[in-house]
Amino acid sequence: MAVIDDAVIDESVLGDLRPELVRHCYRMIGDGAGAEDAAQEVLLRLWRARDGYDPARASVRTWAYAIASRYCIDLLRAAARRALPTDLSERGGAGEQAFAELPPGSWVTPLPDTAESDPAAAAERHETIRMAFVAALQHLTPPQRAVLVLRDVYRHSAAETAAILGISAAAAHSSLQRARKVLAGAAPAPSDVPAGEVDTRLLDGFVRAFERHDAAGLAALLAEDVVFSMPPVAFWLRGAEDYAAMFAGGDACVGHRLVPTTANGAPAFGQYAPGDEDGMVPFALVVVESDGARVTRVTTCLDQADRFEAFGLPARLAAR
């Protein structure tokens with residue numbers, strides 16, 4: 001984390017705080033775009049209240065987390081729980097045609113990765129921005145979510161957590177114990193590999209097979225129990241055979257291209273479709289998870305085509 005001067009709040013301090021506030025809000029609300037909006041609102045509140053900041057009472061970071069946590073809790077009071085598409089619809093088969101959409105705001109959306117100044121912190125927190133982990137957090141009440149993230153992700157002390165949330169230390173401790181118990185039954189196994197540690201040959205092979213529409217080549221890269229989903233469509237399937245059969249059974253992705261990026265600490269690709277004679281246009285964000293040897297999960301986010309810039313992807317590609 002950047003060193004922040006607790007006596008001064010200026011634009012550079014707020015800029016340093018923004019990436020971690022986005023991640024904090026994301027863990028709370030489970031929506032990438034919503035987390036960015038929430039963090040921006042928190043930064044505006046910090047700026048407007050800067051003249052009243054008292055460094056003797058709390059550090060700038062602690063003050064920022066207090067505002068962010070309470071803001072997200074307020075946002076979530078009337079919001080539905082977000083989940084993975086696999087928890088929101090029935091498993092399908094390769095030959096099924098499913099066009100129904102998930103209820104708006106019901107699924108976890110991806111988060112663009114930002115540079116982490118502390119590599120050790122980046123590795124430690126990789127698991128806590130995985131979509132599966134963020135979905136598991138949604139099983140907690142908003143206050144429980146805030147306590148657990150502050151204590152177990154950001155390593156705030158019990159006293160600091162209580163001060164941030166405006167509750168007693170006993171209440172913070174009790175909430176943490178309940179949250180850990182719930183999460184123990186909902187959290188995914190830490191089996192996936194951070195984006196920087198995935199074998200580039202696996203990712204290169206995935207791109208080549210996808211762009212050539214080579215179903216057999218793609219199947220060879222998939223784990224036997226790979227999971228595929230494409231929010232907001234209410235459809236998902238499990239198994240390399242079904243995934244490859246679905247891929248081979250249609251021409252919806254023929255001529256598409258993949259451009260690498262990252263999301264949620266995992267490899268991802270901007271998927272571009274032929275647009276017109278001048279180039280190719282954003283189609284979907286494809287998030288790929290791996291056990292290191294095979295692809296274990298592919299989430300094709302059809303709702304992220306207008307968010308490519310946030311993931312460092314070009315607005316369009318030149319036609320081949």
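Everything below is about the structure printed above this text.
A brief structural summary. In this convention, every chain numbers its residues from 1, walking through the sequence in written order. Per-residue local features of the predicted model are confined to residues with pLDDT of at least 70, and side-chain atom pairs are confined, for both listing and counting, to 80 or more; whole-chain, interface and lining totals are unaffected and use all residues. Note that the side-chain values use all heavy atoms of the structure and ignore hydrogens as well as water.

With that settled, consider the overall build of the protein. A run of H or I in DSSP becomes a helix once it reaches four residues, and a run of E becomes a strand once it reaches two; helices and strands are each numbered from the N terminus. Secondary structure summary: the protein contains 12 helices and six strands in total. Burial status across the protein gives 51% buried among its 320 residues. We call two residues in contact whenever any of their non-hydrogen atoms come within 4.5 Å of each other. Pairs at least 24 residues apart make up 68% of the contacts formed inside the protein by residues separated by at least 6 positions. Residue burial considers only the protein chains on display, and all accessible areas are found by Shrake-Rupley using a 1.4 Å probe. Carbon together with sulfur atoms contributes 52% to the accessible area of the protein, which is approximately 14,700 Å² in total. Throughout, exposure labels follow a simple rule: accessible area from a 1.4 Å probe, protein chains only, divided by the maximum for the residue type, with under 20% read as buried, over 50% as exposed, and the rest as partly exposed.

For any pair of aromatic rings, geometry is given as the distance between the ring centres together with the angle between the planes. For Phe, Tyr and Trp, rings pair up if their centres lie within 6.5 Å, where Trp contributes its six-membered ring, and each pair is then called stacked (planes under 30 degrees apart), edge-to-face (over 60) or tilted (otherwise). Scanning the entire structure with this criterion turns up seven aromatic pairs. Here the aromatic rings of Tyr272 and Phe308 are separated by 5.2 Å at their centres, their planes lie at 85 degrees, and the arrangement is edge-to-face. Of the two residues, Tyr272 sits in strand E4 (residues 266-276) while Phe308 sits in the segment after strand E6 (295-301), which places them 36 residues apart along the sequence. Note on criteria: charge over ring means Lys NZ or Arg CZ within 6 Å of the ring centre, with the direction from the centre no more than 35 degrees off the ring normal. The residue whose ring lies beneath Arg50 is Trp47, and the NZ or CZ to ring-centre distance is 3.7 Å.

In this structure, Leu21, Leu46 and Val287 are the most contacted members of the largest nonpolar core, which totals 64 residues. No other element matches helix H3 (residues 60-76), which puts 11 residues into this core. Segmentation into domains, and thus their bounds, comes from an automatic or database assignment. Summarising the domain contributions, this core has at least three residues from each of domain 1 (11-81 + 100-185) and domain 2 (200-318). Once residues lying within four places of it in the same chain are set aside, the contact partners of Leu21 are Ala39, Val42, Leu43, Ala64, Tyr65 and Ala68. Buried residues of nine kinds, namely Ala, Val, Leu, Ile, Met, Phe, Trp, Tyr and Cys, make up a nonpolar core once their side-chain atoms join them within 4.5 Å.

With that settled, consider the side chain of His256. Mapped onto the elements, His256 comes out in the loop between helix H12 (240-248) and strand E3 (257-263). Those residues in contact with His256 that lie beyond four places of it in its chain are Phe210, Glu211, Gln271, Tyr272, Ala273, Pro274, Met280 and Phe283.

Another point: empty space enclosed by the protein. In the cavity and pocket records, a cavity denotes points on a 1 Å grid over the protein atoms alone where a 1.4 Å probe fits but cannot get out, a pocket denotes an open set with protein on both sides within 12 Å along at least 5 of 7 lines, and lining residues are residues with an atom within 4 Å of a point. Grid points are joined across faces, edges and corners, and a volume is the space filled by probe spheres set on the points. What the rule picks out here adds up to two cavities of 30 Å³ or more. By volume, the largest cavity amounts to about 60 Å³. Along the walls of the largest cavity sit Leu84, Pro85, Val108, Met131, Ala132, Ser229, Pro231, Glu289, Arg297 and Thr299, which together make up its complete lining. The classification used treats Ala, Val, Leu, Ile, Met, Phe, Trp, Tyr, Cys and Pro as nonpolar, Asp, Glu, Lys and Arg as charged, and all other residues, Gly among them, as polar. In the lining of the largest cavity, the residues fall into six nonpolar, two polar and two charged. Each of domain 1 (11-81 + 100-185) and domain 2 (200-318) gives at least three residues to the lining of the largest cavity. Of the pockets and cavities examined, the second largest cavity occupies roughly 30 Å³. Among the elements of the structure, helix H7 (142-153) and helix H9 (169-184) are those that each provide at least two residues to the lining of the second largest cavity. Ranked by residues supplied to the lining of the second largest cavity, first place goes to H9 with three residues. The class makeup of the residues in the lining of the second largest cavity is four nonpolar, one polar and one charged.

Two strands in a sheet stick together by hydrogen bonds in their backbones, pointing the same way (parallel) or opposite ways (antiparallel). Two strands qualify as a pair provided that DSSP identifies no fewer than 2 bridges between them. With mixed pairing, six strands are arranged side by side in an open sheet as E2-E1-E6-E5-E4-E3. Strands with a single pairing partner mark the edges of an open sheet, and in this sheet they are strand E2 (236-238) and E3. If you compare each strand with its neighbour and ignore which way they point, the axes differ by 25 degrees on average. Where strand E5 (residues 279-290) and E6 come together, six bridges link them in antiparallel fashion. Along E6, the bridge assignment pairs Ser290 with Val295. Taken strand by strand, H12 contacts strand E1 (222-229), E2 and E6, and its axis lies near 55 degrees from that of E1. Fitting a line to C-alpha atoms yields each axis, with helices limited to the stretch in contact; the angle taken between N-to-C directions then spans 0 to 180 degrees.

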